[in-house]
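Breakdown of the fold
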Amino acid sequence: MSDRARAARPQLVGYSARLLRDGLAVGSAGNISIRCGDIVAITPSGIGCSDMRPGDICMLTLDGTQITDDSAETPSSETPMHLAIYAATDAAAVVHTHSPEVVALSAARPELPAIHYAITWLGGPVRVAPYARFGSAALAAAAVEALQGRSAVILRNHGAVTYGRDLAQAYDRAVLLEWLARTYRLALCYGEPALLSAAELDEVTAETRRRRYGERRGGSS
Ligand SMILES: [Zn+2]
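An account of the accompanying structure is given in this report. (Residues numbered from 1 in each chain as written. Predicted model: local features only at pLDDT ≥ 70, side-chain atom pairs only at ≥ 80, totals over all residues.)

A word on the overall build of the protein chain
The helix and strand tally for the protein chain stands at six helices and eight strands. Along the protein chain, helices (α) and strands (β) appear in the sequence α-β-β-β-α-β-α-β-β-α-β-β-α-α when read from the amino end. Once the C-alpha set of the protein chain is aligned to its principal axes, its extents read approximately 55 × 35 × 30 Å. For the protein chain, buried positions account for 41% of its 221 residues. Considering only contacts in the protein chain between residues 6 or more positions apart, those separated by 24 or more positions represent 66%. (Helix = DSSP H or I, 4+ residues; strand = E, 2+ residues; numbered from the N terminus. Buried ≥ 20, exposed ≤ 12 C-beta atoms within 10 Å, placed from the backbone. Contact = placed C-beta atoms within 7 Å.)

Structural data, given as structure tokens:
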């Protein structure tokens, strides 16, 4: 196993603890993975985010076969969704949360609209994928479908998934998504909020490229 795959273990443990601290998940909910070449390192099923140790992280091949002499734990129940996202995108890390603002929105809206220009970091308005049972192939397929052109998707009555070129970027996007959902809810308190048009979002994307924001970490302004 490569040094990068080995290094993924403490990284995943550290970010799992952050999921709890940042309010993006509770208990053992939420799961994170990193792709290192042909190996995916993923958090285990049923271990609290604050109790996890590097040796609990599961190592899988891209087809989901567990490298069994490496961890005795069972991989996250959402492993099919993580693997489907690696197969369909250039993701190097995937973060799945149960963050409350996003879950609340998912039950009431078909998408998170462009309430703030920062939504361009996620590729634009974020779709809510149709409901399917946790851990199912149907959920994995629905997530991949709704991710087209985006680095984030909201799962109806469930949570959210973000991906990135590394774990730091994927995680920053999960935090941004939750912030955007909260901001949208706050705006709704005043009535129907103004939203940014596709042309306005395109202008932001072009300017971001021009300034080369986002080359390091998630980018912000
Ligand atoms: Zn979940």
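Comments concerning the pairing of strand β6 (residues 126-129)
The alternating pattern of β6 places V126 and V128 on one face and R127 and A129 on the opposite face, and all of these are buried. Sheet topology note: the strand β5 (residues 111-112)/β6 ladder contains two bridges and is antiparallel. Each residue of the ladder has a partner; that of E111, found in β6, is R127. Pairing of β6 with strand β7 (residues 152-155) involves two bridges; the strand directions are parallel. Residue pairing for β7: A129 is matched across the bridge by L155. (Pairing = 2+ DSSP bridges.)

As for the sheet that holds β7
The strand order across the open sheet formed by eight strands is β3-β2-β1-β4-β8-β7-β6-β5, and the pairing between neighbours is mixed. The open sheet is flanked by β3 (58-61) and β5, the only strands paired with a single partner. Where helix α2 (residues 79-88) meets the sheet, its contacts fall on β1 (31-36), β2 (39-42), β3, β4 (93-97) and β8 (159-164), and the angle it forms with β2 comes to roughly 140°. Where helix α4 (residues 137-146) meets the sheet, it contacts β6, β7 and β8, and its direction lies at approximately 160° from that of β6. (Axes fitted to C-alpha atoms, helices over the stretch in contact; angles between N-to-C directions.)

Describing the environment of D3
Here D3 is to be found in helix α1 (residues 3-21). Judged by the 8 C-beta atoms lying within 10 Å of it, D3 is exposed. A C-alpha to C-alpha distance of 29 Å links D3 and A140, two positions 137 residues apart in sequence.

Let's talk about α4
Each full turn of the α-helix corresponds to 3.6 residues, which orients residues three or four apart in the same direction. Every buried residue of α4 is listed here: L139, A140, A142, A143 and A146. Projected down its long axis, α4 shows its buried positions confined to an angular sector of 165°, all on one face. Looking at the packing, one finds that the buried side of α4 touches α2, β6, β7 and β8. (Arc of directions from axis to C-beta.)

A look at the nonpolar core
With 59 residues, the main nonpolar core has A41, I85, A143, V153, I154, A160 and L177 as its most contacted residues. Looking at which element gives the most residues to this core, the answer is helix α5 (residues 167-188), with nine residues. Discounting residues that sit within four places of it in the chain, V153 has contacts with V126, R127, A129, A143, A146, L147, A160 and V161. (Core = buried A, V, L, I, M, F, W, Y, C linked by C-beta atoms within 7 Å.)

So, the packing of α2 against α4
Running from amino to carboxyl end, α2 crosses α4 at an angle of 35°, the nearest separation of the two axes being 8 Å. Seen from above, α2 lies across α4 with right-handed handedness. Of the residues in α4, those in contact with P80, M81, A84, I85 and A88 of α2 are A137, L139, A140, A141, A143 and V144. For the contact of α2 with α4, the residue count by class is 11 nonpolar, no polar and no charged. (Left-handed = near helix turned anticlockwise from the far one by under 90°. Nonpolar A, V, L, I, M, F, W, Y, C, P; charged D, E, K, R; others polar.)

Focus on helix α6 (residues 198-211)
The end-to-end C-alpha distance of α6, which contains 14 residues, comes to 20 Å, matching closely the 20 Å that a straight helix rising 1.5 Å per residue would cover. Trailing α6 by a residue or two, R212 shows a phi angle of about 60°, which is positive. (Expected span 1.5 Å × (residues − 1).)

Some thoughts on unusual backbone geometry
Phi angles above zero are rare outside glycine, and N157 is one such case at about 50°. With respect to the secondary-structure elements, N157 resides in the loop between β7 and β8. Using a count of 9 C-beta atoms within 10 Å as the deciding quantity, one classes N157 as exposed.

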